[in-house]
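Summary of structural features
Each chain, letter by letter, is given below.
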Amino acid sequence: DTMKRSLSSGRPGVHAQTLAFVFATLAVAAAGCSHASAADSVGVPPPAPKIHVETAPVAEQPVPKLLNLTGVLSSNERTDLAANASGRVVKTFVERGDHVAAGALLAQLDVRSAALSRAEAEANATSAASQLTNLRADCQRYVSLLAKGAITQQEYDKQATSCQTQASSEEAARARASAAVQTVTDSSIRAPFAGVVAERFVHVGDYVHADTRVVTLLVDDPLRLELTVPEANVGSVRPGLTVSFETVAVPGRIFNATVKYMGGEIRSATRDLVVEAVTDNGDHALLPGMFVTAHLPVGEVTLPVVPAKSLVDRDGNDTLFAVVDGHLEMRVVQLGPKTGE
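Residues numbered from 1 in each chain as written. Predicted model: local features only at pLDDT ≥ 70, side-chain atom pairs only at ≥ 80, totals over all residues. Heavy atoms only, no water.

Along the chain, Ala308 falls in the loop between strand S14 (291-305) and strand S15 (312-314). With residues near it in sequence (within four places) discarded, Ala308 still touches Lys338 and Glu341. (Helix = DSSP H or I, 4+ residues; strand = E, 2+ residues; numbered from the N terminus. Contact = heavy atoms within 4.5 Å.)

Leu73, Leu225, Phe245, Val259, Leu286 and Leu296 are the most contacted members of the largest nonpolar core, which totals 24 residues. For this core, the elements supplying multiple residues, two or more each, are strand S1 (59-75), strand S10 (223-230), strand S11 (242-246), strand S12 (255-262), strand S13 (272-279) and S14. The next biggest cluster of nonpolar side chains, apart from the first, holds 17 residues, and it includes Ala85, Val94, Ala107 and Val197. (Core = buried A, V, L, I, M, F, W, Y, C linked by side-chain atoms within 4.5 Å. Buried < 20%, exposed > 50% of the residue type's maximum accessible area, 1.4 Å probe, protein only.)

So, on to the sheet that holds strand S7 (residues 195-200). Pairing is antiparallel in the open sheet, where four strands are placed in the order S2-S9-S7-S4. The outermost strands of the open sheet, each flanked by one partner alone, are strand S2 (78-82) and strand S4 (99-100). (Pairing = 2+ DSSP bridges.)

Glancing now at the pairing of S11. Sheet topology places S11 next to S12; four bridges connect them, and they run antiparallel. Bridge pairing in S12 links Phe245 to Phe255. In terms of strand pairing, S11 meets S14 through three bridges, oriented antiparallel. Note that in S14 the partner of Phe245 across the bridge is Ala294.

Right, let's get into the pattern of salt bridges. With the rule as written, the count across this model stands at nine salt bridges. As a salt-bridge pair, Arg96 and Glu199 come within 2.5 Å of each other at their nearest N and O atoms. Here Arg96 is found in the loop between strand S3 (87-92) and S4, whereas its partner Glu199 is found in strand S7, with 103 residues between them in sequence. A relative accessible area of 55% places Arg96 in the exposed class. You can call Glu199 partly exposed: its relative accessible area is 25%. Linking Asp283 and Arg253 is a salt bridge whose minimum nitrogen-to-oxygen distance equals 2.9 Å. (Salt bridge = Lys/Arg side-chain N within 4 Å of Asp/Glu carboxyl O.)

Turning our eyes to something else, we now look at the packing of aromatic side chains. Evaluated as defined, the whole model comprises one aromatic pair. Seen in terms of ring centroids, Phe245 and Phe255 are 5.5 Å apart; in terms of plane orientation they differ by 20°. Their pairing is stacked. With Phe245 in strand S11 and Phe255 in strand S12, this residue pair connects regions lying ten residues apart in the sequence. Above the plane of the ring of Phe201 lies Arg213, whose end atom (NZ or CZ) is 4.0 Å from the centre. (Phe/Tyr/Trp six-rings, centres within 6.5 Å; stacked < 30°, edge-to-face > 60°. Lys NZ or Arg CZ within 6 Å of the ring centre and 35° of its normal.)

By secondary structure assignment, the location of Pro222 is in the loop between strand S9 (213-218) and S10. The sequence separation of Pro222 and Asp280 amounts to 58 residues, and the corresponding C-alpha distance is 4.6 Å. Setting aside its immediate chain neighbours within four residues, Pro222 contacts Asn76, Val278, Thr279 and Asp280.

Any functional reading would require information that these geometric values do not contain.
This is the structure we're talking about:
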C-alpha cells in the first residue's frame, strides 16, 4: 500500500521504472536464494573428466592464391540441325536426351516425289550422254571431210557448234541428276557429329522446308567452361593452366578444367578477358548451361594449414577445436584451397 501511494503521488514514468527495477531485483534475489539452497543440499558437483584428443600442430606453407570467378558450362559443339530438304516427316528416330553416333538417322521425310524426280533426271542424263556420243562421232567424220575438202569450213563449224552445245546439255543433265540424288539423300536427316539430342522440333506428319529446324544436337563430352577474367589478373592466365570448379548441382565434388582458348582483346565495357577451359565429362555428371564457381590460381600465398579431418561442420559453418592452456576452444574458420589431406 505504501508503494502504491508513493507511485500515485509522483511522476508516473519515473516511478514505473523504479517499480520494474524493484520487481526484477527481488526476482533475481529470490532465484539466488533458491540456487544457494539447492547447492547446499546436493553438494558441490565433481569436476568434469578430462578428455583425450588427438592433436596436430598448425603449420604454414605456400599454397595457390585463388581468384574465385563465376562461370558457365557450354557444349564443345552445338548445332540447330535443319532439314535441308522439303517434305512430310514420316518417321522420327530420336528423343530428347538420346546420345547418337555421327551419321545416325534422326528423321525420315517422304521420298516418293524426290525418287521420281531422281529417276527422271537420271534418264535425261543418260539420253543426253548418248546424243553427245553420236555427235562426237559425227564431228570426227567432219574433221576428215574438211581435210579432204569434201565440206566447207562453214559446214564444219556448224557441226562443231552442235557438238559443243550437246556437251553442255549433257553436263547440265548430269548436274540435275546429281541434285535429284542429293535431294533423296537429304530426305534422310542424319547427325553431322556424335552428340546428344538437346531438343527435337518435328513430329510425324509435319511438313518441313529446307530451313526448318529438326533437332538441336550438341557435344557434352568434353565441355567448355567460359570465364571472364578481370584485367588485373590477365597476366596470370595462360593456356594449359588448371582451373578447379564446383557446382551446386553436384555438391561435394571438385572438377578440373584446362585453359585452352583465350580471347584476343580486353572487352572495353567490362574490362575483362573471355577465357575458355576444357573439362572431361565422360560420366555426364555435368550439363551444358550449368553455372559454376571456378577457382583460378593467380599466384601463391602463405596460409595456416590444418588436417582436413580436423574440420567440423556446425550449422553450416566450418569449425575446428584449438588447444588453448589445456582446454579446447571452438573456432569458426574460413577455408582456403585444399592441398591433399
